[in-house]
Every structure is written in C-alpha cells, then in structure tokens.
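Analysis of the macromolecular model
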Amino acid sequence: MGIIRKIQAKTGEVCAKEKIRPLVESRMMRDILLEIGQRGSEALDPQSVPMAQRARAARIASECGLAGMRQSVVDEVRLDAEGITLSCDGEQTTFLYADYNYENIEDTDCLPVVAQYLVAHMRGYYNISRTCTPVQRPGGRAVPKTREVFIRRHHEDTPFEPGPVQKQHLF
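1. Points about the sheet that holds strand 3 (residues 76–79)
Remark on secondary structure: sheet strands pair via backbone hydrogen bonds, oriented parallel or antiparallel. The strand order across the open sheet formed by five strands is 5-4-3-7-6, and the pairing between neighbours is antiparallel. Of all strands in the sheet, those with a lone pairing partner are strand 5 (91–96) and strand 6 (126–136), marking the two edges. In this sheet, adjacent strand axes meet at a mean angle of 20 degrees when their direction is disregarded. Sheet analysis places strand 6 next to strand 7 (residues 142–153), joined by eleven bridges and oriented antiparallel. Paired with Cys132 across the two strands is Thr146, which belongs to strand 7. Against the sheet, helix 2 (residues 27–39) contacts strand 4 (83–88) and strand 5, and its axis sits at roughly 165 degrees relative to strand 5. Relative to the sheet, helix 4 (residues 111–120) contacts strand 3, strand 6 and strand 7, its axis offset from that of strand 7 by approximately 15 degrees.

Take a look at the structure:
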C-alpha cells in the first residue's frame, strides 16, 4: 500500500506542477524574481542555518570565509488567492493577479508548489508553511484546503558555531 501512496503523491506533484506552469512562466513571476534579485543579498545570518545544515555551512565558511556566505534580503513571502506579497525589512511589495490581467486562483492547493519554485530561486534557508480551512465534501468528509502559504526566513534558537578547521597533513 505504501508504494501506491508514493505513486499517487508523485502523480499529484506532477499534476500540480503542470497546473502552475502558466503562473511560473508568466510576466508576473518574472517581475517577482526580478524584484527579489534587485533587492540583493546580505551576509548570511548565522542563526538562519538549520541544525541539519550546520556542518555543511561550517565547511563552506572555512573554505570561503564568512564574507562569501550570502542570503536574500527577503524576510517573508505570502501567497494567497489574490496575489503574492514580498516582505523585506518591513516594506511590503504586493503583486496582484488582477494587475496582470489574471483571474484569482481558485485552486489554492497548488500554492505550496509555487512556494517551492520561489524558494529554489532565493538564496538562504527558508521554511514553507500554510494555513488551511476545512471544506466539506459531498460525502460528508471534511478536507483541508490551503488558504495561504508563507515562506519565512529560517531562524534557529541556537547560534552558529563552526568547528575548528582541520589541519592539513603534509606527509
């Protein structure tokens, strides 16, 4: 039964990617990615590295120095049925679907896939979360429906402490 669920999940993921293709290839998404790129990047906040990635980050830091580690200045991205909002240093830039002559998104369950696409184009470590509302199906089952999706910069409670660099052995 587990293999069938995996196949269904992969099929659903492929269908969601095909469904969002017009949005991903649209002028609106190009403008959003351009805005993210124009905002630039800043030095990587050591607490934004997840614990699982700390060893890799320590290796990269020892190779190129902390000055070489950069992250996007975007603090949060909010996706909902009406548009996409970027939040940088308290300033919000909203991209509404209506401004680009698109209809609002009815199937908001595809928004997490759009969020994954955006995170793939942003530097740094981001968490994707969503808010859901229960929707009654004709059979009487309540199914969760995505209302909003949030992409937030990752922060850990513990500080980043790269270990000492290993000494090279000449012989």
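2. Quick word on helix 4
Most of helix 4 is tucked away: seven of the ten residues are buried. Residues of helix 4 that are buried include every one of Leu111, Pro112, Val113, Val114, Ala115, Leu118 and Val119, and no others.

3. Some thoughts on the layout of surface pockets
The computed volume of the largest pocket comes to approximately 360 Å³. Around the largest pocket sit 14 residues that line it, and Lys19, Leu23, Glu103, Asn104 and Ile105 are the ones nearest its centre. In terms of residue count, helix 1 (residues 2–24) provides more of the lining of the largest pocket than any other element does, four residues in total. Among the residues making up the lining of the largest pocket, the classes are represented as nine nonpolar, one polar and four charged. There is about 260 Å³ of room inside the second largest pocket. For the lining of the second largest pocket, the elements supplying multiple residues, two or more each, are helix 1, helix 4, strand 6 and strand 7. No other element matches helix 1, which puts five residues into the lining of the second largest pocket.

4. Examining unusual backbone geometry
Positive phi values are uncommon outside glycine, yet Asp89 reaches one of about 50 degrees. Position of Asp89 relative to the elements: it lies in the loop between strand 4 and strand 5. For Asn101, which is not glycine, the phi torsion reads 60 degrees and is therefore positive. With respect to the helices and strands, the residue Asn101 is situated in the loop between strand 5 and helix 4. Here Asn101 falls in the exposed class, since its relative accessible area comes to 72%.

5. Considering helix 2
Counted at 1.5 Å a residue, the expected span for helix 2 with its 13 residues is 18 Å, and the 18 Å between its end C-alpha atoms agrees. By the burial criterion, the buried members of helix 2 are Met28, Met29, Asp31, Ile32, Glu35 and Ile36. Down the axis of helix 2, the smallest arc covering the buried residues is 160 degrees, so these residues share one side. Helix 2 presents Arg30, Gly37 and Gln38 as exposed residues on the side facing more than 90 degrees away from its buried surface.

6. A word on the pairing of strand 3
The alternating pattern of strand 3 places Val77 and Leu79 on a buried face, while none of Glu76 and Arg78, on the opposite face, is buried. Across four bridges, strand 3 lies against strand 4 in antiparallel orientation. Within the sheet, the bridge partner assigned to Val77 lies in strand 4 and is Leu86. Here strand 3 folds back onto strand 4, and the loop between the two strands holds three residues. Here strand 3 pairs with strand 7 via four bridges, running antiparallel. Residue pairing for strand 7: Val77 is matched across the bridge by Ile151.

Procedures and definitions
- Residues numbered from 1 in each chain as written.
- Predicted model: local features only at pLDDT ≥ 70, side-chain atom pairs only at ≥ 80, totals over all residues.
- Heavy atoms only, no water.
- Pairing = 2+ DSSP bridges.
- Helix = DSSP H or I, 4+ residues; strand = E, 2+ residues; numbered from the N terminus.
- Axes fitted to C-alpha atoms, helices over the stretch in contact; angles between N-to-C directions.
- Contact = heavy atoms within 4.5 Å.
- Buried < 20%, exposed > 50% of the residue type's maximum accessible area, 1.4 Å probe, protein only.
- 1 Å grid on protein atoms, 1.4 Å probe; cavity = no way out; pocket = protein on both sides within 12 Å on 5 of 7 lines; lining within 4 Å.
- Points joined across faces, edges and corners; volume = space filled by probe spheres on them.
- Nonpolar A, V, L, I, M, F, W, Y, C, P; charged D, E, K, R; others polar.
- Expected span 1.5 Å × (residues − 1).
- Arc of directions from axis to C-beta.

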